[in-house]
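Architecture at a glance
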Amino acid sequence: MDHSWWKALDMDYPIIQAPMAGSTSPEFVAACLDAGILGSLGAGYMTAEGTRAAIREIRNLSDKPFNVNLFVPEKLERDAGVIGEAHRALAPYRKELGLPEEMPDLSESEFSRQVGVVIDERVEVVSFTFGLPDEDTVRRLKDAGAFLIGTATTPEEAVEAERSGMDAVVLQGKEAGGHRGAFIGEDRFLTLRELLAGARLTVPVIAAGGIHDAGTVRAALDAGASAVQVGTALLVTEESGANALHKEAILNSSEGETVITNAFSGKHARGLNNRFIEEMAEAAIAPYPIQNDLTKPIRSAAGKQGKTGLLSLWSGESGWKARRGKVSEIVRRLIGEEE
Ligand SMILES: Cc1cc2nc3c(=O)[nH]c(=O)nc-3n(C[C@H](O)[C@H](O)[C@H](O)COP(=O)(O)O)c2cc1C
């Protein structure tokens, strides 16, 4: 396996801080770069200009190369009947939180404008989830010198990612926290171990899902990964931009508390089980990203009112093993210099 790619990106260790949209503040990304791992801005929910501002802030804090992660939009049919039903299913939560009944504005993808921004700003690494960029986008990014990383949840998606021109592919196991990057057919929920065993790629593979200490890093590298991507274990650090309620919920969680749900966004994601997920189990859910738009005011008001039962508390299966500390301390745990 060729390891020169991550050394060329000025990384001391083959470890990537997972992009985590909404929680990857410039200070957090810079702390990860300082600690010798690749920092990632999760720009999925940002506007193009917000993405540019965050990129510039990271550049002010660090001279090292970093990653910007984008959500690849899918073709979307807006069925007014389905959207109306999903909106009505959320009425009890709006009432409980004192929110108006009107439907929130539905978002438009900023993806193509964000691609323009990462090209303009000469971002060194660009990663994708929920799909792959088209040929023209790949060519423009490569012409600008970017190293490209795709996300796959099946061997078929991994092959597709390599074929599309990705320079490396994240294999995201079902253990992983947050949204699943699945984009071909039915979600298959393969474990990281199954994905690593089934990978037939010539480009480097990056393992994601459940990596939280030196043992899990070593196991992934021994199984053929060229690097690992770590989400939950870094989400709870002091520097992370995640909401304090979210960090505490993970740090206080127990084994087996996470579930996969589509109730918050219309897409499968792993998080701590709570009242919203349970009550919405049979409810009408709009497709991604509409459901995400519909639940946004609820999640935001719930955060302000301290109602964790209505928050999306994304966490990987091994979140209960996460430790408190600074990014540098968690990185030392990952490289085996600290228990
Ligand atoms: C809070 C949270 C947000 C996430 N957001 C993104 C994202 O914006 N883009 C992305 O590619 N992956 C995202 N992920 C998934 C991670 O990239 C990664 O697959 C996962 O965190 C690995 O599993 P772990 O949490 O067990 O380390 C997110 C994960 C979490 C926990």
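A brief look at the structure comes next. Bear in mind that the values here come from a model prediction, so they are computed numbers and not experimental data.

Turning our attention to the pattern of salt bridges. Enumeration according to the criterion identifies 22 salt bridges in this entry. Note that glutamate 101 is salt-bridged to arginine 94, the shortest N-O span being 2.8 Å. Relative accessible area serves as the criterion here: at 3%, arginine 94 is assigned to the buried category. The residue glutamate 317 makes a salt bridge to arginine 270 at a minimum N-O spacing of 3.3 Å. With glutamate 317 in the loop between α14 (290-304) and α15 (327-334) and arginine 270 in strand β11 (residues 269-272), this residue pair connects regions lying 47 residues apart in the sequence. With a relative accessible area of 33%, glutamate 317 lands in the partly exposed category.

Turning our eyes to something else, we now look at helix α8 (residues 155-163). If you check which residues of α8 are buried, you get Glu157, Ala158 and Ala161. Here the buried residues of α8 occupy an arc of 100° about the axis, which is enough to place them on one side. Contacts made by the buried residues of α8 are with β5 (147-152) and β6 (168-172). Phi turns positive one or two residues past the end of α8, at glycine 165, with a value near 110°.

Inspection of the secondary structure assignment puts asparagine 67 in strand β3 (residues 67-71). A relative accessible area of 1% means that asparagine 67 is categorised as buried. Here serine 127 takes part through its backbone nitrogen, which lies 3.1 Å from a polar atom of the side chain of asparagine 67.

Take the site of the ligand next. Surveying the vicinity of the ligand reveals 21 residues, the closest of which are Pro19, Asn69, Gly210, Gly231 and Thr232. The separation between an oxygen atom of the ligand and a polar main-chain atom of glycine 177 is 3.3 Å. In the model, an oxygen atom of the ligand is placed 3.0 Å from a nitrogen or oxygen of the glutamine 229 side chain. Out of a free accessible area of 590 Å², the ligand has 97% covered by protein chains. Where the shell around the ligand is concerned, the elements lending two or more residues are β3, β9 (227-230) and α11 (232-235). A breakdown of the residues in the shell around the ligand according to their chemical character gives 10 nonpolar, 11 polar and no charged.

Criteria and cut-off values
- Residues numbered from 1 in each chain as written.
- Predicted model: local features only at pLDDT ≥ 70, side-chain atom pairs only at ≥ 80, totals over all residues.
- Heavy atoms only, no water.
- Salt bridge = Lys/Arg side-chain N within 4 Å of Asp/Glu carboxyl O.
- Buried < 20%, exposed > 50% of the residue type's maximum accessible area, 1.4 Å probe, protein only.
- Helix = DSSP H or I, 4+ residues; strand = E, 2+ residues; numbered from the N terminus.
- Arc of directions from axis to C-beta.
- Contact = heavy atoms within 4.5 Å.
- Polar contact = N/O pair within 3.5 Å; in protein donor to acceptor, adjacent residues only side chain to side chain.
- Near = heavy atom within 4 Å.
- Areas by Shrake-Rupley, 256 points an atom, 1.4 Å probe, with all protein chains shown as cover.
- Nonpolar A, V, L, I, M, F, W, Y, C, P; charged D, E, K, R; others polar.

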